[in-house]
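Descriptive structure summary
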Amino acid sequence: QVQLVESGGGLVQAGGSLRLSCAASGRTFSSYAMGWFRQAPGKEREFVAVISWNGGSTSYDDSVKGRFTISRDNAKSTVYLQMNSLKPEDTAVYYCAANARIEVTPSYRYWGQGTQVTVSS
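Let me sum up the structure you'll find in this document.

**Description of the overall build of the protein**
Summing up its helical and strand segments, the protein has 0 helices and 11 strands in all. Sequence-ordered secondary structure for the protein, helices as α and strands as β, is β-β-β-β-β-β-β-β-β-β-β. Rg of the C-alpha trace for the protein: 13 Å, near the compact-globule value of 14 Å for 121 residues, within the 12% margin. Expressed along its principal axes, the backbone C-alpha trace of the protein runs to roughly 40 × 25 × 25 Å. By residue count, 43% of the 121 residues in the protein fall in the buried class. Accessible area of the protein: about 6100 Å², with a carbon and sulfur share of 46%. Each charge class in the protein can be summarised by its mean position, and for the 12 positive and 9 negative side chains these summaries are 6 Å apart.

Shown next, in the form of structure tokens:
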């Protein structure tokens, strides 16, 4: 069992930055690939970024490539999402998730409760 708690969301103006954190507890964090997903009102949950268990491999959705960076600190059991040059269309609830392998679909085994990110124009 893995428990995930996101933090760092909030209200920011377009062009601004936020850093999301996801703290994990429970079974060995370092054995899991970690992903970030987001869900806007009335839309399906969508992939944002994923990082392998050791941080050696990352993947991003085209909509965030070059603006967002995923990273992890296995010693702190935490995964991060640095979001720069934010746009109003980035507004959503952001979720972190843990899975045994890298996936870009929302088929992860463990999920956090989400944190709201709102970008004003």
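Read on, since the account is not over.
**Comments concerning the nonpolar core**
Core analysis: the biggest nonpolar cluster contains 29 residues, and L4, M34, W36, L81, M83 and Y94 have the highest contact counts within it. Those elements that place two or more of their residues in this core are β1 (2-7), β3 (18-26), β4 (33-39), β5 (46-51), β7 (68-73), β8 (78-83), β9 (92-99) and β11 (115-120). Excluding anything up to four places from it in sequence, L81 contacts L18, R19, L20, W36, V48, A49, F68, T69, I70 and Y94. In terms of nonpolar packing, the next biggest core, distinct from the first, is built from 5 residues, F37, F47, V50 and Y108 among them.

**What to know about the state of the cysteines**
The full count for this structure, using the stated rule, is 1 disulfide. Disulfide pairing is shown between C22 and C96; the S-S distance is 1.9 Å. Because the sign of the S-S torsion sets the handedness, a value of about 45 degrees for the bond joining C22 and C96 places this disulfide among the right-handed ones. Of this pair, C22 sits in strand β3 while C96 is found in strand β9, placing the two residues 74 residues apart along the sequence. For C96, a relative accessible area of 0% gives the class buried.

Reading the values: rules and limits
Residues numbered from 1 in each chain as written. Predicted model: local features only at pLDDT ≥ 70, side-chain atom pairs only at ≥ 80, totals over all residues. Heavy atoms only, no water. Helix = DSSP H or I, 4+ residues; strand = E, 2+ residues; numbered from the N terminus. Rg over C-alpha atoms; globule rule 2.2 N^0.38 Å. Buried < 20%, exposed > 50% of the residue type's maximum accessible area, 1.4 Å probe, protein only. Areas by Shrake-Rupley, 256 points an atom, 1.4 Å probe, with all protein chains shown as cover. Lys, Arg positive; Asp, Glu negative; His and termini not counted. Charge placed at Lys NZ, Arg CZ, Asp CG, Glu CD. Core = buried A, V, L, I, M, F, W, Y, C linked by side-chain atoms within 4.5 Å. Contact = heavy atoms within 4.5 Å. Disulfide = S-S within 2.5 Å.

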